[in-house]
Structures are given as structure tokens and as C-alpha cells.
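# Tertiary structure, described
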Amino acid sequence: AEVEETLKRIQAHKGVIATMVINAEGIPIRTTLDNSTTVQYAGLLHQLTTKARSTVRDIDPQNDLTFLRIRSKKHEIMIAPDKEYLLIVIQNPCE
Amino acid sequence: MEIIYVYTRKRSEFGRPCSFSDRPATVNVDIPPDPSMASNFILRDPVDSSVQHTSDMSAHEVNTERVEVESHGINHVEGGWPKDINPQEMEQTVRFRKKVEKDENYVNTIMHLGTLMEHCVKQNNAINIYEEYFGEEDAAEVEDEPPSAKTINVIRSLFDVLLSKRDPNVTKRTATHLSWHPDTCRKLAVAYSSLEFQQNAKDMSFESYIWDLENSNKPELILKPSSPLVSLEYNPKDSHVLVGGCYNGQMAYWDTRKGGLPVEVSTVEVSHRDPVYGAIWLQSKTGTECFSASTDGQVLWWDIRKLSEPTESLVLDITRKGLLENALGAISLEFEPTMPTKFMVGTEQGIIIACNRKAKTPPEKITSIYSSHIGPVYALARNPFYPKVFLSVGDWTARIWSEETKESSIMWTKCHLSYLTDGCWSTARPSVFFTTRSDGTLDIWDFLFKQNDPSLSLKVCNEPLSSLRLQDNGCVIGCGSKLGTVTLLEISSGLCTLQRNEKNLATAMFERETKREKILEARHREMRLKERARSEGQATEVEEMLLEDPQEVLDRARQEFFEVIEAEMQKRTRAEARGLFSKIKDHMAAEVAMQEEESQLPKDKEEEEEEE
């Protein structure tokens, strides 16, 4: 229930286009987009997060990745990684 | 010299005990310094010598064979569902999801991640960290960086190289014409052919390629005409269509969506009889008209929907009789879309013909003739900013002409040591143009900056450069060489951004030079009239003068020629010794030279009057 609320709150923020929760196997647990797009994001962003995390830890083994933001021309993809799940939010940041 | 101290004792006194006594020091030998001996010394030059003890090393280079890489991608379609769940079944997947959502770990993780995410989302909404904080500062004074250009890509028709691994006789073909894709400027169509007369090896391939700059190892499309292409142009309106002129005189057109074979080829009987050196698209409502020129002396207009016969033709006969026997062979063609009825043809005989397409009778089509170069006019281009001014490239010089003065060019470069093969104006700056030479050098000229020398001279490759094309944005230039290598260079921004007063200065310069030429022309005409009047009255005297002159004239010419060569060589050695001179000085010298020229003009007139 709290999970629901949190996700709804995030989705309600200004500029947020989509929210997704994906598990470590690439299965979308909860998403506001259609399945095929979600699965595409899942596959690609999971690899990217792993790569980013390994980069951070290579430079300093005590360090770890907490957040990943990808800003593109059209919007910003924000990824909050965890060991098992990924929370992905796509937002349009321009005022 | 020896210093000896002798101590004697009698033999009978040997063996007696010694009795030592002290006495003050006495000088035994005093050798004063002899300055005359100093002259025997040879002062040694102080010499730096270094000693190092290292082991001998030698350098080796290793280069691996080029690896062909291809890009592949995988598209994820469905996630990694556990084995027991069938992803197609809706209820199974829904059940799985519900199970996960009940997991405590899930709840905790999401709460934690959720707060993190919210923080960032709010941050984004609060401030746009990438906004422009300081509005466009007026571009700071462009630093006087030396003009430069760097090679960004070299396209070697590796296909030829790969083929040559199996068959070493594959001939290298010249890249005779380049054409940039009109919209994206990332694709380049290159026409390859061998222009050596009757040297076509039997296994020379006829193909021409369209290259995509992202992937310069393999051509994006291979065009397969029935005879090698000498010229190739993209249609500026429809970027899928290209027209090409073949070595055997035919015209062919391609649609890139339809593959590498030409969609239609013109029939041999009505085509040209020599290689088609120039093929350009015309501005028309249908966007399907083009015209072509060749060394057989004809200019033909075509509609590509019907290539079985030309729509119009013109014979380049300057006696205006339309006889093919008298016609001059065309080597280059020029057309400016802003002046759709006029075009210019450069011929093998060094004459530029300006023509008007809309003239009523064929003889009137040829409007004016410029006798320009000693050899074929390899390139003609109008200045995109000043359509009345055009550039012609041929023999050892490049000349700039104004349409009004027909007798001589308004500006010209000095004679180089090698032939000039191609040239074009810059699309960004009215005073910059490029030329290529047969020793593999690309020259960039900026005549507002330096008139005598190119402002940048780059050795692109060791073989002659055969063609040149500037991309529409004016920053990237492609050069094709005799062995088929296409080099792409990016020129420094100083040479492709409009300077502050450039348009005014260029206009002023062109007008001034045109005026000078007009004055000279008028002067010449007057002189000729006077000559004619005089010779009619004094015919015999003139004949006698002529008889004794030839030998003297010859000697004088020879002497002058050698003097010029000597002066040139001395100047060159001096210039090399001096090294790089400051630009400002050059610029100022150029200004002074221009002013001197102006003052020389009235002086010239005075001299001529005196002669009379």
C-alpha cells in the first residue's frame, strides 16, 4: 500500500512521463508504459547500470553506485539501482 | 729539463756517522717564467662532450591486418521470466507480479529508492541546471589562429585493394568527381574512372560508390553503370536521385532506393561521343531536368524521365555557325541556380563560353567568349555571393573574372609549378576559394588576407589531386586523387565563418579590379585604333620595322625569361631563409601593394602617352 502511494506520488510530479519497477531478471513488475517499450528499457538500462556500477567500483572499491541520471535531448532518464530491483523514472525537465 | 742536486762524498769517508745540522732554506734552482714559450701553446676549443652508457635499442613497427568489423544489435523482446511461467499467459504473469509485490524485501527497497528518486525529480523541477546562464556573449574577437585544416577521413576504395589481392592487375582509377548528399552531408558519391586515353585494362571495374562517412570501409551503395562514370551529381531537390555521365558518352540516372543498376540510360546514338565531363541538374518545376557537356563539342539537355533523346542541344562553335567540326570540346560546366538561363562552359582549348539558354536562335545562344587559359579549363565556378564574378582554373593559374570584362581576368594567381586541376569557391566566405594541384597539394586562398600566396597550402597526398568538392556548410572539403583515394578535410573555423567586414571589402575589391580592367581595356582599344590609323598611312615603314625585329625580339624574350626565372629562384631561397613572416606585415604589404597599383595606373597611362 505504501509502495502504491510512493509510486503514485512520483508519477504525479510535474514533467514525469513514466515510472517503472524492474527486477534483476528484466521482468517489469510495475510500469506505466506498454510492455514492449518497458522490456526494451529494462534490457538496455540494466546493462548500463551494471556497467556504471562496475566502473565506480573499479575506481574505488569502497564506493558504490547510488543513482544514475541520463540526460538526453528529449528527456531525462533517472535510475535508482538496487541489488535486486531497478526504479526507473523518465522525466521531461524543461520548464 | 732536469734539476739535479749532487751530493759528493769521499770514499774513505763512507760509513761515518752522519751529523745533521739545520740551516736556512736556500734556493737551488730558480727558473723564471719565459713568456715566449707561451706562444707554443695552442688553446684548445672548449668542447662539450657527453658520455652516456645505455644499451642499444632499435625501433620496430608492427601493424596488424585490418579487421573488418560489423555492428550487430539484439533487441530484447521479453524479460527473463522464470522457467515455470509462460510469458504469454496473462494470469501467470499477473500472479507472479502480485507475489513479488508482497515480498517484504521489495517493499523496503522501493520505499528507499522512492525517496531517493523523489528527491531527484523535485530537484529537476526546481532548477534547470543546464540552462544558459550568460546570454550569448558576442563572439569574442576571433583569435588570430593560423588557418589550418585537418584530415578527418580518408576513403580508400578498399574494394579495389581487396580485389587486387586476388588479381594484382586491378588498375587504380581516378576519383574524377565528387558530389555531396544535398541534405545530410554525410554521404558522398564518388565517380571513379580512368581518364587515360585508351588505357582501360580489361579487368578495370566500372563501379562507382556512394560512401557513408560513418562507415568508410565499405561503400553504402555500389553504382554499376555500363561504362565508368566520369561525373556524378545528386539531385538537389530529390536526394535519392543521381545522374551520371559515362566515359562512353551516355547519361544514366539512378535511384538509390532501387539499387545499384541505373534506372535508365540514354541511347548511344543520341548521346555524346566523348566522355561526359560535366553533368548538372537544372532548376525546374519537375526537378527532372539536367544538362551535360562533353569534349565532342556538344551541350545536351535531358529530361531524365525520357533519356532516349535529349530535349535540346547546342554546339559549342564560337564562329556561331553551329558546325560540329569547328566546335570546341567542353571540359567543365557551370550553372548557378539563381540564374537559370545562363550557364558557362569551359573548353579544352582554354576558352570559356558563356551561354544563354533562352536565346531565340542557336547562334545567339553563345553570348560571350573569354579567352582564358593556355590549356583546358578544368573548373569553373561562380562566386555564390557575387554571381557576376567567377573563378576559372586551368593550366598553372587560377583566374577570377568579372562578366563585364571580357579581355582579361580581373585577378589571377601566379603561375605555380604544377598544373591546377580543380577549384571551387567557399560557400561561407566570399573571398575564399580552394584549388587542387597535380602535385597533391590543396591550396586555400583568401584574397582579402594575402594575394600572392595561398593562405594555406596542404600536401594532401603524393599523387595528383583530380577533384574537389566543398560541403554545403563550408567546413568540410573532399578531395579525390588520381589513385582513387578520397580525403576529407575539415578546415579551421577562421576560414569558414564570415568575418566582420568581409562582404564590403570583397565587394570593394572586385569593383576596384573590374574598374582597373575596364580602364585597361579602353586604353587598349584606343591604342589599337590609333595603330590601325597610323599603319594605313605608313604601310611600308611598318614592314621594314617588322623585318629586323624577329631575331631581336627572340633574344630579348629569352633574356627576359631567364631573368624572371632567376628572380623567382632567388626570391624563393630568400623566403625560405627568412622563414615564417608575420601576417600583419604581409597584410600591410598587400595593402600597400594595392595602393601602389592604383597609383601605377595613372603612371602607366602617362607612359603610354609618351610612347605615342
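Residues numbered from 1 in each chain as written. Chains lettered and ligands numbered in written order. Predicted model: local features only at pLDDT ≥ 70, side-chain atom pairs only at ≥ 80, totals over all residues. Heavy atoms only, no water.

### Remarks on the overall build of chain A
Looking only at helices and strands, chain A has 2 helices and 5 strands in total. The secondary structure elements of chain A, listed N-terminal to C-terminal, are α-β-β-α-β-β-β. Taking contacts inside chain A between residues at least 6 apart in sequence as the whole, the part at least 24 apart equals 37%. As displayed, chain A offers around 5,200 Å² of accessible surface, 53% of which is attributable to carbon and sulfur atoms. (Helix = DSSP H or I, 4+ residues; strand = E, 2+ residues; numbered from the N terminus. Contact = heavy atoms within 4.5 Å. Areas by Shrake-Rupley, 256 points an atom, 1.4 Å probe, with all protein chains shown as cover.)

### Side note on the overall build of chain B
The secondary structure content of chain B amounts to 7 helices and 28 strands. Split into buried and exposed, the 612 residues of chain B put 40% on the buried side. In chain B, 50% of the contacts between residues at least 6 apart in sequence involve partners at least 24 apart. Approximately 38,700 Å² of chain B is accessible, and the part contributed by carbon and sulfur atoms is 53%. (Buried < 20%, exposed > 50% of the residue type's maximum accessible area, 1.4 Å probe, protein only.)

### Some remarks on the pairing of strand E2 (residues 28-31) of chain A
In the case of a regular strand, side chains alternate between the two sheet surfaces. Residues and elements named next belong to chain A. In the sheet, strand E1 (residues 16-23) pairs with E2 via 3 bridges, with the strands oriented antiparallel. What sits directly across from Ile22, in E2, is Pro28. Where E1 hands over to E2, the hairpin turn is made up of 4 residues, of which Gly26 adopts a positive phi near 90 degrees. (Pairing = 2+ DSSP bridges.)

### Digging into the pairing of strand E23 (residues 432-437) of chain B
All names here are of chain B. Here E23 lies mainly inside the structure; 6 of its 6 residues are buried. The two faces of E23 match: Val432, Phe434 and Thr436 on one face and Phe433, Thr435 and Arg437 on the other face are all buried. With antiparallel pairing between neighbouring strands as the criterion, strand E22 (residues 420-425) and E23 make up a hairpin whose turn holds 6 residues. Of the pairings in the sheet, the one linking E23 to strand E24 (residues 441-446) comprises 5 bridges and is antiparallel in character. Among the inter-strand pairings, Phe433 is bridged to a residue of E24, identified as Trp445.

### Observations concerning the interface of chain B and chain A
Contact residues are listed per partner, giving 33 residues for chain B and 38 residues for chain A. When chain B packs against chain A, close to 3,200 Å² is buried across both sides, 60% of that on carbon and sulfur atoms. The largest per-residue losses of area from chain B upon contact with chain A belong to Met117, Asn124 and Asn125 of chain B, which jointly make up 19% of the total buried on that side. Across the contact surface, chain B and chain A share 2 salt bridges. The partner of Glu101 of chain B in a salt bridge is Arg30 of chain A, with the nearest N and O atoms 3.5 Å apart. There are 11 residue pairs in polar contact (both at pLDDT 80 or more) connecting chain B and chain A. At the level of secondary structure, the elements contributing two or more residues to the side of chain B that touches chain A comprise helix H1 (90-102) and helix H2 (104-126) of chain B. (Buried area = accessible area lost by both parts, 1.4 Å probe. Salt bridge = Lys/Arg side-chain N within 4 Å of Asp/Glu carboxyl O. Polar contact = N/O pair within 3.5 Å; in protein donor to acceptor, adjacent residues only side chain to side chain.)

### So, the pattern of salt bridges
A side chain with one charge can pair with a side chain of the opposite charge if their charged atoms come near. Throughout the structure, instances matching the rule amount to 28 salt bridges over all chains. Glu118 of chain B is the partner of Lys122 of chain B in a salt bridge, and the nearest nitrogen-oxygen pair spans 3.8 Å. A residue pair is termed a helical-turn pair when its members lie 3 or 4 positions apart in one helix, as Lys122 of chain B and Glu118 of chain B do in helix H2 at 4 residues. The class for Glu118 of chain B is buried, based on a relative accessible area of 8%. Here the salt bridges do not stand alone but share partners, grouping Glu4, Lys8 and Arg30 of chain A together with Glu101 of chain B into one network.

### Quick word on the nonpolar core
Ranked by internal contacts, the top residues of the largest apolar core, which has 23 residues, are Val21, Met78, Leu87 and Val89 of chain A together with Tyr106 and Met117 of chain B. For this core, the elements supplying multiple residues, two or more each, are helix H1 (2-12), E1, strand E4 (76-81) and strand E5 (85-91) of chain A together with H1 and H2 of chain B. Of all the elements, H2 of chain B adds the most residues to this core, at 6 residues. Leaving out residues up to four positions away in the same chain, Val89 of chain A has contacts with Ile10, Val16, Ala18, Thr19, Glu76, Ile77 and Met78 of chain A together with Met117 and Val121 of chain B. (Core = buried A, V, L, I, M, F, W, Y, C linked by side-chain atoms within 4.5 Å.)

### A few points about the confidence of the model for chain B
All names here are of chain B. Summarising the model, chain B shows a mean pLDDT of 77, and 83% of its residues fall at 70 or more. pLDDT under 50 marks residues 161-169. Its contacts with residues more than four places away, or in other chains, come to 5 contacts. Scoring of the predicted complex yields 0.59 for pTM and 0.84 for ipTM. (pLDDT = per-residue confidence, 0-100.)

### Overview of the sheet that holds E1 of chain A
All names here are of chain A. The 5 strands are arranged E2-E1-E5-E4-E3 in an open sheet whose pairing can be described as antiparallel. A single partner strand is all that each edge strand has here, and the edge strands are E2 and strand E3 (68-71). The average angle at which neighbouring strand axes cross in this sheet is 15 degrees, direction not considered. Against the sheet, H1 makes contact with E1, E2 and E5, and its axis sits at roughly 145 degrees relative to E1, the strand it touches most. Along the sheet, helix H2 (residues 35-59) makes contact with E1, E2, E3, E4 and E5, crossing E4 at roughly 65 degrees. (Axes fitted to C-alpha atoms, helices over the stretch in contact; angles between N-to-C directions.)

### Comments concerning a nonpolar patch on the surface
A cluster of nonpolar side chains, namely Phe561, Phe562, Ile565 and Met569 of chain B, defines an oily patch on the protein surface of about 430 Å² accessible area. With respect to the helices, strands and loops of the structure, Phe561 of chain B is situated in helix H6 (residues 539-578). (Patch = residues over 30% accessible without salt bridge, like charges linked within 9 Å, V, L, I, M, F, W, Y side chains within 5 Å.)

### Some points on the packing of aromatic side chains
Residue and element names in this part refer to chain B. For the coordinates displayed, the defined rule picks out 13 aromatic pairs over all chains. Here the aromatic rings of Tyr386 and Phe510 are separated by 5.3 Å at their centres, their planes lie at 70 degrees, and the arrangement is edge-to-face. Of this pair, Tyr386 sits in the loop between strand E18 (377-382) and strand E19 (389-394) while Phe510 sits in helix H5 (residues 502-537), and the two are 124 residues apart along the sequence. Here Tyr386 falls in the buried class, since its relative accessible area comes to 15%. Summarising the aromatic geometry, the rings of Phe433 and Trp445 are spaced 6.0 Å apart at their centres and angled 5 degrees between planes, so their arrangement reads as stacked. (Phe/Tyr/Trp six-rings, centres within 6.5 Å; stacked < 30°, edge-to-face > 60°.)

### Section: the sheet that holds strand E6 (residues 229-234) of chain B
All names here are of chain B. Taken together, the 4 strands give an open sheet; going across it, the order is E6-E7-E8-E9, and neighbouring strands pair in antiparallel fashion. Lying at the two open borders of the sheet, with one neighbouring strand each, are E6 and strand E9 (264-265). When E6 meets strand E7 (residues 241-246), the two strands line up antiparallel, connected through 5 bridges. Looking across to E7, one finds that Ser231 is bridged to Gly245.

### Considerations on the environment of Gly244 of chain B
Residues and elements named next belong to chain B. As for its position among the elements, Gly244 is in strand E7. Judged by relative accessible area, Gly244 falls into the buried class, the value being 0%. In sequence terms Gly244 and Trp254 are 10 residues apart; their C-alpha atoms lie 8.1 Å from each other.

### Some points on H1 of chain B
Residue and element names in this part refer to chain B. For H1, spanning 13 residues, the distance from its first C-alpha to its last is 19 Å, which sits close to the expected 18 Å at 1.5 Å a residue. Turning to H1, its buried residues are Thr93, Phe96, Arg97 and Val100. Looking straight down H1, one finds its buried side chains confined to an arc of 95 degrees; they lie on one side. Residues Glu91, Arg95, Lys99 and Lys102 are exposed on H1 and point more than 90 degrees away from its buried face. (Expected span 1.5 Å × (residues − 1). Arc of directions from axis to C-beta.)

### As for H5 of chain B
The end-to-end C-alpha separation of H5 of chain B is 53 Å, in line with the 52 Å expected for 36 residues at 1.5 Å each. Buried residues of H5 of chain B: Glu502, Ala506, Met509, Phe510, Glu513, Thr514, Arg516, Glu517, Glu521 and Arg523 of chain B, and no others.

### Details of the packing of H1 of chain A against H2 of chain B
Here H1 of chain A crosses H2 of chain B at 20 degrees, and the two axes come no closer than 10 Å. Overall, the two elements H1 of chain A and H2 of chain B adopt an arrangement that is roughly parallel. As for the relative orientation of H1 of chain A and H2 of chain B, their crossing is left-handed in sense. Residues Glu2, Val3, Thr6, Leu7, Arg9 and Ile10 of chain A of H1 of chain A form the contact with H2 of chain B, whose own contacting residues are Tyr106, Val107, Ile110, Met111, Gly114, Met117 and Glu118 of chain B. Per-class residue counts for the contact of H1 of chain A with H2 of chain B are 8 nonpolar, 2 polar and 3 charged. (Parallel < 35°, antiparallel > 145°, perpendicular 65-115°, else oblique. Left-handed = near helix turned anticlockwise from the far one by under 90°. Nonpolar A, V, L, I, M, F, W, Y, C, P; charged D, E, K, R; others polar.)

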